[in-house]
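Reading the structure
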Amino acid sequence: MGIEEAEKKKRFKMKREYNMLLVLVVMLVICAFISPTFRTVQNLINLLGHNAVYGLLSVGMAFVIITGGVDLSVGSVCALSGVLSAYAFIDYGFIAGVAAGLAIGIACGLVNGVLQTVVGMNHFVATLGIMTIARGAVYIITSGFNIYGIPEEYGVVGMGYLGPVPVAGIIWLVCVVAAFFVLKYTRFGQYVYAIGGNMNAAWLSGINTRLVKTVVYVVCGFFAGLAGVVLSCRTLLAAANAADTYELTAISACIVGGLSLDGGRGNVWGSVVGVLILGLILNIMQLTSVSSYWQDAVKGIIIIGAVAVDCMSKLKRD
Amino acid sequence: MMRENVLEMKHISKDFSGVTVLEEIDFTLNRGEVHALVGANGAGKSTLMKIINGIWVRYSGEVFLNGEKVRFKNPVDAAKRGIGMIHQELDLTPNLTVAENIYLGRETCRGLMMDKRKMTEEAQRLLDELQFDVKAREKVSSLPTAKQQLVLIARTVSMEASLIIMDEPTSSLSISEIDNLFRVIKELKDRGISIIYISHFLEEIFKIADRVTVLRNGRLIGTKAAGKTDIGEVISMMVGEKHQHDKKYIRERPSGEVRLEVSRMSQMRGQVRDIAFKVHEGEILGIAGVLGSGRTEIGKMIFGAMKKKPGYKIYLNGEECGMRSPKEAVNHGMAFVSENRKTEGLIMTASLLSNIALVPLARQKTPWVNHRRLEKTAADMGSRMSLKYSSMGQTADSLSGGNQQKIVLSKWLATDISLLILDQPTRGIDVGAKNEIYVLADELARKGTSIIYISDELEELYNLCDRILVIKKGQIVADMDNYDRQVTKAELFEKMITDREGEAVDLLD
């Protein structure tokens, strides 16, 4: 291949990474035209808070997707974490609640990882099983009833503001920055990409691929646990059907944000862009009082559209 | 027996985007004949077979089947006309029964339902008729390789094949299984079925074939009646007196310490057994062997990428190491360049920088990544290997084969290594890059790096290596001293493909 062609390829790649950011900006502009309420700065900042739970799940999901997997269990694990943290909040206080939520998230992630790397299960099957078990555990623990009585002051985490910025949004963005740093500036992060690109080649280069993969699912579980804590603080209750299908939203956000399910490509900022695009659609539809029945259909179109553009340009290139 | 032409190929030529791989080949096959086709790797055997089999449809020349001119559109078309092929990789569906595999795609049905009982009965009748010791209702996955091969033969016969192509049928069979296969082949002959038999093992060929055709570099060298020639003549026909860029890389005899010592190393599940050898400091040890001989497995076992039976010993620089994972090997300063660049060597969709950084990262002590230092390392390696690239950010799949191989070498040479295992390092790359790799290996050896050089290309081995091990069917059959670069191609070739005395005796049981 000539140098010229390689240059072209590189330029194309640059474009691809910023494609969806551009879409986001365009959407913002369009929304601003459509709705006066949308134009307020506060509404935009609030988007961060509204989408923090999705955002946190997507940060963890980004790690998993970069390795070429998906984690279907994050929604259920988030709910389970919400329930356990709610009980701990009520009985033992704030720190215990946070610790309980994070611990169960990490534990579920560890099982997800071990099922794959030690037992040898496929990622889809392993996480599907844990998803079902975690949701089952939620129902067993709550008997299907909502748990009330989380002290109101803990609501700061979910609904509070630091100046104009929602605390939940701050937690999310801090996590994104941390995840970005880990992926870019640590060996572990580089291994995550290597595994997604070619697991075999990574293993033969002296990387302990099993360990890395396991840790990736632990990281994803950690974020699911954290999302559960934020969720219960946000609603001040824990519901058995909480965070239902959130795993799909997180996967959708990552895909829309340019992370490839083939693994090895994309970065955690993509997940942010994806979450915001999906959140924005909801927001503008609510503000313009479009029937909420339309929301899922539009979301679906966005997902297909984002990936289709990418696939078609790849087809053309080959 | 009638001397009747079943197949006649006239003036067959084939090129791939301008590169001629077959030139004016004539080939005939009589009814009930076993016709052996031999030649070194790349001689054009498989290309010729793929033309008969309908895989390649663009070629010049004519093919006559039973006197009628044919031009197959695809393998199904060929199969309908009675041509069956048994590939080296047995393409069976393991979780189905023998009967279901034999009749795959042609199931006996009653209405919409498959009539399993009738199918099994028919299959069993066929197997009995052929005197194959296989039960039709067994699952294929529970059968050993030799029996799976019989299933394939039965399938081909059931499709009323009049011509069966067997590609290296004995490469994974034991001696008694080979005997059994030969009995089967004789049975097929008696039924009037003609067989094209491709094999590297010449002694087998002389046991079974009626005629032998030799190809070399896409040309027909000759066809001989098996009774009127011998192994020596066939070898010299295969090797030819090719005079090529025969540059010999001569170094001083390595006098240093033993770098690697391996003893009693056997594969966990596989044919490689009882491997023992030493490699000295600054020595290049060649490993020769035909495809499937176990040469790659030896490299992978030393590198920890393939399971070994307990009881082995590996010493690196005098220290005993288990080498249970590639990570352990890499930490001890070992490097492994796989024969499968795309699946085992590179991350094709990642940048050159990420690919080169892989090993330096895996070997560094701190958890932090210093991008600037890695970029410098990559750029240094790029110029050291005279890599042709536009930016270290371009992806590996945008490079040519030779440059890709340089990336693989770069990732290893970017750190200090004491033992380099090269498995077919010049496979699929152009002559210029090949020579660069020879020069590089020679230089590394001069500076004290030990190299295990596994290769198909015999010239590489006798021009570059200090010693050459020959592997056959999982065992070391020869350890040739080549310090003075005096080993010849014919010598090496003979050791690779002829049977040892011990095995020849076994075959006569």
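Residues numbered from 1 in each chain as written. Chains lettered and ligands numbered in written order. Predicted model: local features only at pLDDT ≥ 70, side-chain atom pairs only at ≥ 80, totals over all residues.

Our focus in this paragraph is the overall build of chain A. Each helix and strand in chain A was counted, giving 13 helices and four strands. Here the C-alpha atoms of chain A give a radius of gyration of 20 Å, agreeing with the 20 Å that 2.2 N^0.38 yields for 318 residues. Projected onto its principal axes, the C-alpha positions of chain A cover 65 × 55 × 35 Å. Taking all 318 residues of chain A together, 50% fall into the buried category. (Helix = DSSP H or I, 4+ residues; strand = E, 2+ residues; numbered from the N terminus. Rg over C-alpha atoms; globule rule 2.2 N^0.38 Å. Buried ≥ 20, exposed ≤ 12 C-beta atoms within 10 Å, placed from the backbone.)

Contacts between the two partners involve 26 residues from chain A and, on the opposite side, 31 residues from chain B. Where the side of chain A that touches chain B is concerned, the elements lending two or more residues are helix H1 (3-34) and helix H9 (187-204) of chain A. If you tally residues by element for the side of chain A that touches chain B, the top one is H9 of chain A, at 12 residues. Within the side of chain A that touches chain B, the residues separate by chemical class into 12 nonpolar, nine polar and five charged. (Contact = placed C-beta atoms within 7 Å. Nonpolar A, V, L, I, M, F, W, Y, C, P; charged D, E, K, R; others polar.)

The next point concerns the environment of Phe 124 of chain A. All names here are of chain A. Along the chain, Phe 124 turns up in helix H6 (residues 123-142). The exposure class of Phe 124 is partly exposed, given the 13 C-beta atoms found within 10 Å. Each C-alpha atom of the pair Phe 124 and Ser 73 lies 9.5 Å from the other, and the pair is 51 residues apart in sequence. For Phe 124, the residues in contact, after removing those within four places along its chain, are Val 70 and Leu 72.

This part takes up the packing of H9 of chain A against helix H12 (residues 352-363) of chain B. Packed helices, taken two at a time, are described by the angle their axes make and the gap between the axes. The geometry of H9 of chain A relative to H12 of chain B is characterised by a closest axis approach of 11 Å and an angle of 110° between their N-to-C directions. Here H9 of chain A is positioned roughly perpendicular relative to H12 of chain B, judged by the angle of their axes. Remark: the crossing between H9 of chain A and H12 of chain B carries left-handed chirality. Between H9 of chain A and H12 of chain B, the contacting residues are Arg 187, Gln 190, Tyr 193, Ala 194 and Ala 202 of chain A on the first element and Ser 354, Ala 357, Leu 358 and Leu 361 of chain B on the second. Per-class residue counts for the contact of H9 of chain A with H12 of chain B are six nonpolar, two polar and one charged. (Axes fitted to C-alpha atoms, helices over the stretch in contact; angles between N-to-C directions. Parallel < 35°, antiparallel > 145°, perpendicular 65-115°, else oblique. Left-handed = near helix turned anticlockwise from the far one by under 90°.)

All right, on to the pairing of strand S22 (residues 475-481) of chain B then. Looking down a regular strand, the side chains alternate between one sheet face and the other. All names here are of chain B. The sheet contact formed by strand S21 (residues 467-472) and S22 spans six bridges and is antiparallel. Opposite Ile 471, over in S22, you have Ile 476 as the bridge partner. Connecting S21 to the next strand, S22, in antiparallel fashion are two residues, including Lys 473 with a positive phi near 45°. (Pairing = 2+ DSSP bridges.)

This paragraph deals with the sheet that holds strand S17 (residues 319-320) of chain B. Residues and elements named next belong to chain B. The strand order across the open sheet built from four strands is S14-S13-S16-S17, with neighbouring strands paired in antiparallel fashion. One side of each edge strand has no neighbouring strand; the edge strands of this open sheet are strand S14 (275-280) and S17. Pairing analysis gives two bridges linking strand S16 (residues 313-316) to S17, with the strands arranged antiparallel. Pairing of Tyr 315 across the sheet is with Glu 320, part of S17.

What follows is about the pairing of strand S12 (residues 219-225) of chain B. Residues and elements named next belong to chain B. In the sheet, strand S11 (residues 211-216) pairs with S12 via six bridges, with the strands oriented antiparallel. Counted as the bridge partner of Leu 215 is Leu 220 from S12. Hairpin connection, S11 to S12: the antiparallel pair is bridged by two residues, and Asn 217 has positive phi, about 50°.

Along an α-helix, residues three or four positions apart point the same way, because every turn accommodates 3.6 residues. A large share of helix H9 (residues 295-302) of chain B lies buried, amounting to eight of its eight residues. By the burial criterion, the buried members of H9 of chain B are Arg 295, Thr 296, Glu 297, Ile 298, Gly 299, Lys 300, Met 301 and Ile 302 of chain B.

Here we come to the sheet that holds strand S18 (residues 334-337) of chain B. Consider a sheet: its strands pair through backbone hydrogen bonds, and that pairing is either parallel or antiparallel. Residues and elements named next belong to chain B. If you walk across this open sheet you meet the six strands as S18-S19-S20-S15-S21-S22, and the pairing is mixed. The strands lining the two open edges of the sheet, one partner per strand, are S18 and S22. Across this sheet, the average inter-strand angle for adjacent strands is 15°, counted without regard to direction. As paired elements, strand S15 (residues 284-288) and S21 share four bridges and run parallel to each other. Bridged to Gly 286 within S21 is Ile 468.

Residues and elements named next belong to chain B. Located in the positive-phi region is Ser 386, a residue other than glycine, with phi close to 40°. With respect to the element layout, Ser 386 can be found in the loop between helix H13 (371-384) and helix H14 (401-413). For Lys 473, which is not a glycine, the phi torsion comes out positive at approximately 45°. Within the secondary structure, Lys 473 is located in the loop between S21 and S22.

The next point concerns the confidence of the model for chain A. Where the model shows low pLDDT, its predicted coordinates should not be examined in detail. Overall, the predicted model of chain A reaches an average pLDDT of 89, with 93% of residues at or above 70. Note on residues 1-12 of chain A: pLDDT is under 50 here. Beyond four places in sequence and across chains, it has 12 contacts. (pLDDT = per-residue confidence, 0-100.)

So, about the nonpolar core. In this structure, Leu 56, Leu 57, Phe 223 and Val 230 of chain A together with Tyr 453 of chain B are the most contacted members of the largest nonpolar core, which totals 245 residues. Broken down by element, the residue count for this core peaks at 15 residues, all from helix H10 (residues 209-235) of chain A. Once residues within four sequence positions are removed from consideration, Phe 223 of chain A is found in contact with Leu 56, Leu 57, Val 59, Gly 60 and Cys 175 of chain A. (Core = buried A, V, L, I, M, F, W, Y, C linked by C-beta atoms within 7 Å.)

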